[in-house]
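# Observations on the three-dimensional arrangement
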Amino acid sequence: MEPAGRSTELTKALADAVGAEHVLVEADVRAGYEVDWTGRFRGDALAVVRPGSVEEVAAVVRACAASGAAVVAQGGNTGLVGGGVPRPGGRQVVLSTARLRAVGEVDVAARQLLVGAGVTLAAAQATAHAAGCEVGVDLAARDSATVGGMVATNAGGVHVVRNGPMRARVAGVEAVLADGSVVRRLAGLVKDNAGYDLTGLLVGSEGTLGIVTRVLLALVPAPVERVTVALGVPSLADAVEVVGRLRRALPGLEAAEACFADGLDLVEEALRVAPPVPGRPAVTVVAEVGAWSQAAAGVLLDEVAAALDACPAIGATAVATDRPSRTRLWEARERHTEAVATLGVPHKLDVAVPLGRLAAFEAEVRARVAAVAPRSTTVLWGHVGDGNLHVNVVGPAPDDEAVDAAVLAVAAAHGGTVSAEHGIGVAKVPYLALTRSPEEVAAMRALKSALDPAGLLNPGVLFP
Ligand code: FAD
Ligand code: MLT
Ligand code: ZN
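Report on the accompanying structure. None of the values given here were measured: they were computed from a predicted structure. (Residues numbered from 1 in each chain as written. Chains lettered and ligands numbered in written order. Predicted model: local features only at pLDDT ≥ 70, side-chain atom pairs only at ≥ 80, totals over all residues. Heavy atoms only, no water.)

### Quick look at the coordination of the zinc ion (ligand 3)
Six octahedral donors around a metal ideally subtend angles of 90 or 180 degrees, whereas four tetrahedral donors ideally subtend 109.5 degrees. For the zinc ion (ligand 3), the protein coordination sphere consists of H383 (NE2), H390 (NE2) and E421 (OE), at 1.9 to 2.1 Å. Along the chain, the residues donating to the zinc ion (ligand 3) are arranged with the sequence spacing H-x6-H-x30-E. In this pair, H383 sits in strand 16 (residues 377-383) while E421 sits in the loop between helix 14 (402-413) and helix 15 (432-435), placing the two residues 38 residues apart along the sequence. You'll find H383 and E421 in the same group, each marked buried. (Donors = N, O, S within 2.8 Å, 3.2 Å for Na, K, Ca; no water. Helix = DSSP H or I, 4+ residues; strand = E, 2+ residues; numbered from the N terminus. Buried < 20%, exposed > 50% of the residue type's maximum accessible area, 1.4 Å probe, protein only.)

Here you go:
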């Protein structure tokens, strides 16, 4: 039965578009779609609708437009800036991509794979791997995060140092625009300069310019061998230097991550996962190196050992080559997000600064957070190879912005960005102007107005 106050006309139109069984209106069924992964952002949806094809997505968008309801696209709901859940108080429909789950066959010659927007990263990775390829983007939320959500947020993850972010791994998209029309760039052309790059525009648009329905992934070849190392170093400055040296010595460097001692303590206490190296070093770097031929694989371990020997800052070291041992070295790094969530609702500030400023940023941001929120718990970690740190603060109330403002101001003062890889969502809207000029924001607004004049798609995300 439909709850009182819901728009019967709209839910009927949605049911006509996708079938009544795919229009969810009961409060307890909607609940999981209305709150984000962190628990910091929540709202109320008129309905959750689950279209099963691009035509159905277009019909949903048209039905919402006709009734003046906004459309919030949602994939795996692992986003960390509140952009995939409805805002409080608006007339919104959550469009879940859960049924857009078709997985194509790998085109081995072109090294491309066509998938539905609702396909999880793990599913795309499995298909790519079976054909000797990889998606090239990897992150701990792989079992839930969808390819469509990763396109929409231009997700980063642990392999950006080698493969770039999601933007670099997208050969084309299909998407439904706010007027219900469909744009399709799926021919897989490596060269195509006929006009504006619509695919590029949709990558990182966070559901504000179109609903992505299919994605043509640009895969990378899978290495034949991988070595994972965990390295204890005395400081973040040393971590930056070590990673710089590894990058120069090892062209196959795929990942370079950093954790701090207090974060690894928390992971051990909360989740019973031991740190990757003993001795509680101030910073632990987890790095991964690949080899793409048997000849290169034969000398990989020696090359890695020689590169590590040339770094005097490295103390405790662990090296792994087989998959279970490599997974063990990764586990404590990967589970920081989960461990922090056990402490309460985190303020998650995902920033990047130029590499040369990273250590100074770390020192200053710790001091600023201690001054602004003295009773909070602060845990840092991140993608050191990309100059990207995740500053997580637990303690301040979810709607207390003081710590967010302080951290993002420090990032901006160091020439950095308020969002490295998670997006602006609703969480960073007040801070966009810290790293984007008025002219840039005006250009972005002009694009938004041209493609979505009524503000139907994800209002409140990116812009106020
Ligand atoms: P959702 O959370 O559902 O949505 C995210 C945004 O994309 C929203 O604005 C939504 O409206 C929009 N959207 C979703 N699908 C579509 C679509 N089909 N068309 C248009 N817009 C759409 N992120 C990183 O970058 N790097 C990491 O290393 C990383 N690690 C993570 C680890 C954990 C444990 C968790 C919980 C999250 C992590 N994230 C990371 C964040 C998150 O996984 C990514 O942002 C991911 O891209 C979100 O995908 P999703 O399908 O869950 O999207
Ligand atoms: C990570 O690198 O662990 C992710 O971006 C998730 C997070 O910041 O919590
Ligand atoms: Zn990250």
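### Considerations on the packing of aromatic side chains
Evaluated as defined, the whole model comprises zero aromatic pairs. Its end group placed over the ring of W292, R162 keeps NZ or CZ at 4.0 Å from the ring centre. Its end group placed over the ring of F260, R366 keeps NZ or CZ at 4.8 Å from the ring centre. (Phe/Tyr/Trp six-rings, centres within 6.5 Å; stacked < 30°, edge-to-face > 60°. Lys NZ or Arg CZ within 6 Å of the ring centre and 35° of its normal.)

### Examining the site of ligand 2
Around ligand 2, the structure places L80, R333, T337, K348, W381, H383, H390, E421 and H422. Within the side chain of H390, one N or O atom sits 3.0 Å away from an oxygen atom of ligand 2. E421 is positioned such that a nitrogen or oxygen atom in its side chain is 3.0 Å from an oxygen atom of ligand 2. Protein chains shield 86% of the accessible area of ligand 2, which is 260 Å² for the free molecule. Grouping the amino acids of the shell around ligand 2 by side-chain chemistry returns two nonpolar, four polar and three charged. (Near = heavy atom within 4 Å. Polar contact = N/O pair within 3.5 Å; in protein donor to acceptor, adjacent residues only side chain to side chain. Areas by Shrake-Rupley, 256 points an atom, 1.4 Å probe, with all protein chains shown as cover. Nonpolar A, V, L, I, M, F, W, Y, C, P; charged D, E, K, R; others polar.)

### Some remarks on the nonpolar core
One finds L231, L236, L246, V304, F361, V384 and V391 to be the most contacted residues of the largest nonpolar core, which totals 59 residues. Looking at which element gives the most residues to this core, the answer is helix 8 (residues 236-249), with six residues. Beyond its immediate stretch of four places on either side in the chain, V304 contacts V227, V229, L250 and V289. V137, L139, L209 and L219 belong to the second-largest nonpolar core, a separate cluster that totals 30 residues. (Core = buried A, V, L, I, M, F, W, Y, C linked by side-chain atoms within 4.5 Å. Contact = heavy atoms within 4.5 Å.)

### Remarks on the site of ligand 1
The environment of ligand 1 is made up of 35 residues, and the closest members are A73, G75, T78, G79 and T146. Within the contact set of ligand 1, an oxygen atom lies 3.0 Å away from a backbone nitrogen or oxygen of N77. Interatomic distance of 2.8 Å between a backbone N/O atom of G156 and an oxygen atom of ligand 1. Here ligand 1, which alone exposes 970 Å², has 96% of that area covered by the protein. Those elements that provide at least two residues to the shell around ligand 1 are strand 3 (70-74), helix 5 (147-153) and strand 9 (211-218). Tallied by class, the residues present in the shell around ligand 1 amount to twelve nonpolar, 21 polar and two charged.

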